[in-house]
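One-letter residues, chain by chain:
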Amino acid sequence: EGNKCDCLILAGQDVAEGGEEKWKSIFVELKGTDVLHALRQLDASLDNALFRHPSVNEVHARIVAKSFPANNANTEFEKARRKFKTKHKGCLFKQVSSNQPDFIP
């Protein structure tokens, strides 16, 4: 219910013998052009306690969109993006244009 992102991908990480299982969580929001709404959806998903677990040691967030506003410090999206990155410091956030490959090591 409420704002949430389109997809959560859980990727297992290599574990040393006898070590604990560790995971990367990748939150993905697909949008045409309303990237400000996409940011709100990612924010709500990251805030949801259901998606927090001690075995997750890397968190990534992606907005995949057809277009993004010009990178201008005065835009509403840029202000919201900065606030998001400050609030979710441990999250590796990236904007990806449609049909652009993305690699998460």
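Source: prediction; values computed, not measured.

Calculation rules
- Residues numbered from 1 in each chain as written.
- Predicted model: local features only at pLDDT ≥ 70, side-chain atom pairs only at ≥ 80, totals over all residues.
- Heavy atoms only, no water.
- Helix = DSSP H or I, 4+ residues; strand = E, 2+ residues; numbered from the N terminus.
- Expected span 1.5 Å × (residues − 1).
- Contact = heavy atoms within 4.5 Å.
- Pairing = 2+ DSSP bridges.
- Axes fitted to C-alpha atoms, helices over the stretch in contact; angles between N-to-C directions.
- Salt bridge = Lys/Arg side-chain N within 4 Å of Asp/Glu carboxyl O.
- Buried < 20%, exposed > 50% of the residue type's maximum accessible area, 1.4 Å probe, protein only.
- Polar contact = N/O pair within 3.5 Å; in protein donor to acceptor, adjacent residues only side chain to side chain.

**Some words on helix 2 (residues 76-87)**
Inference 1: Between its first and last C-alpha atoms helix 2 spans 17 Å; for twelve residues at 1.5 Å apiece the expected length is 16 Å, and the two agree.
Inference 2: Buried-residue contacts for helix 2 involve helix 1 (35-47), strand 3 (56-65) and strand 4 (91-97).

**A closer look at unusual backbone geometry**
Inference 1: Of note in the backbone geometry, Asn99 takes a positive phi value of approximately 70 degrees without being a glycine.
Inference 2: The residue Asn99 is located in the segment after strand 4 in this model.

**Focus: the sheet that holds strand 2 (residues 23-31)**
Inference 1: Strand order in the open sheet formed by four strands is 1-2-3-4, with mixed pairing between adjacent strands. For this open sheet the edge positions go to strand 1 (7-12) and strand 4, each flanked by a neighbour on one side alone. Averaged over all neighbouring strand pairs, the angle between strand axes comes to 20 degrees, with direction disregarded.
Inference 2: As judged from the six bridges shared by strand 1 and strand 2, these two strands associate in the antiparallel manner.

**A short note on the pattern of salt bridges**
Inference 1: In total, this model carries eight salt bridges according to the counting rule given.
Inference 2: Between Glu29 and Lys31 there is a salt bridge, with its nearest N and O atoms 3.3 Å apart.
Inference 3: For Glu29, a relative accessible area of 1% translates into the label buried.
Inference 4: Between Lys87 and Asp47 there is a salt bridge whose closest N-O contact spans 2.7 Å.

**Side note on the environment of Glu29**
Inference 1: Structurally, Glu29 can be placed in strand 2.
Inference 2: For Glu29 and Asp14, which are 15 residues apart along the polypeptide, the C-alpha to C-alpha distance reads 26 Å.
Inference 3: What Glu29 contacts, discounting residues up to four positions off in sequence, is Lys4, Cys5, Asp6, Ala38, Gln41, Leu42, Arg62, Ile63 and Val64.
Inference 4: A distance of 2.9 Å separates a polar atom in the side chain of Glu29 from the backbone nitrogen of Asp6.

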